[in-house]
Amino acid sequence: MEEFNKNEQELKNQATINALYKSLAAGDTKMVSGLLASDLEWWFHGPQTCHHMMRMLTGEAPHTEFIFEPRSVSTLDDHIVIVEGYEGANVYWVHVWVLKDGLITRFREYFNTWLTVKMLRVRPDGCPLGWVGKDNWSTVWRSQPRDLFRRSLPGLMLAI
């Protein structure tokens, strides 16, 4: 039963993120604001001129300034959804969304950056214990270059 609930929560979270992108594309700011926690935590890595998502979420830019077209949407567990997109050979982005109780509480935006996500095991007291998986390493998600495989971009690792 627990596995069923976990999968059900992953599906709900994925549906929430899909609704966010559809609402952004339509310019439905009321729907977007209803999906975000009022104290959304945000982090960005990439060129300073590419803060497109945050500018849209804050209303600083119109929904037509940059069109986010997700190419893949993946759930990692019952609270993390990763969305990846690219437009030709010059634009590549990854969004990592964290949800709690149906609301988006954290957002990580990586623009023109390769991303590798690894699972970090934590002790009950909150201190890092090591990497999960074989030999304590576990890559749970990695950027899929597709059109950009010949492009040199900085790479980051996100430990979750």
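Residues numbered from 1 in each chain as written. Predicted model: local features only at pLDDT ≥ 70, side-chain atom pairs only at ≥ 80, totals over all residues. Heavy atoms only, no water.

On a plain count of helices and strands, the chain comes out with three helices and ten strands. Reading the chain from its N terminus to its C terminus gives the helix and strand order α-α-β-α-β-β-β-β-β-β-β-β-β. The buried share among the 160 residues of the chain stands at 41%. In the chain, once contacts between residues fewer than 6 apart in sequence are set aside, the share between residues at least 24 apart is 56%. For the chain, the computed accessible surface area is about 9,100 Å², with 52% contributed by carbon and sulfur atoms. (Helix = DSSP H or I, 4+ residues; strand = E, 2+ residues; numbered from the N terminus. Buried < 20%, exposed > 50% of the residue type's maximum accessible area, 1.4 Å probe, protein only. Contact = heavy atoms within 4.5 Å. Areas by Shrake-Rupley, 256 points an atom, 1.4 Å probe, with all protein chains shown as cover.)

For the chain, per-residue confidence averages 80 on the pLDDT scale, and 69% of positions sit at 70 or higher. Model confidence for the chain, summarised as mean pLDDT per element, is weakest for strand β8 (residues 128-131) at 52 and strongest for helix α2 (residues 29-35) at 95. Residue range residues 131-136 is modelled with pLDDT below 50. Its contacts to residues more than four positions away, or to other chains, number 16 contacts. (pLDDT = per-residue confidence, 0-100.)

A few words on the pattern of salt bridges. Oppositely charged side chains are able to pair whenever their charged atoms sit close together. On inspection of all chains with the given rule, the structure shows four salt bridges. The closest approach of N and O atoms between R55 and E60, which form a salt bridge, is 2.7 Å. On the basis of relative accessibility, which here comes to 25%, the residue R55 falls in the partly exposed class. Residue E60 is classed as exposed on the basis of its relative accessible area of 55%. Between E65 and R55 there is a salt bridge, with its nearest N and O atoms 2.6 Å apart. With E65 in the loop between α3 (52-57) and β2 (72-75) and R55 in helix α3, this pair connects stretches of sequence that are ten residues apart. For E65, a relative accessible area of 34% gives the class partly exposed. (Salt bridge = Lys/Arg side-chain N within 4 Å of Asp/Glu carboxyl O.)

It is worth spelling out the sheet that holds strand β5 (residues 103-111) at this point. The sheet built from five strands is open, its strands ordered β1-β5-β4-β3-β2 with mixed pairing. Each end of this open sheet is capped by a strand with a single partner; those strands are β1 (36-45) and β2. Here the strands of the sheet are splayed against their neighbours by 15 degrees on average, with no regard to which way each runs. In this sheet, strand β3 (residues 80-87) lies alongside β2 in antiparallel orientation, the contact comprising four bridges. The residue of β3 that forms the bridge with S74 is I82. (Pairing = 2+ DSSP bridges. Axes fitted to C-alpha atoms, helices over the stretch in contact; angles between N-to-C directions.)

Our focus in this paragraph is the nonpolar core. L57, W97 and I104 are the most contacted members of the largest nonpolar core, which has 26 residues in total. Within the residue set of this core, elements represented by two or more residues are α1 (2-26), α2, β1, α3, β3, β4 (91-100) and β5. Take this core: its biggest share by element is five residues, from α1. When neighbours within four sequence positions are excluded, L57 is seen to be in contact with L20, L24, V32, L36, L40, W97 and F107. (Core = buried A, V, L, I, M, F, W, Y, C linked by side-chain atoms within 4.5 Å.)

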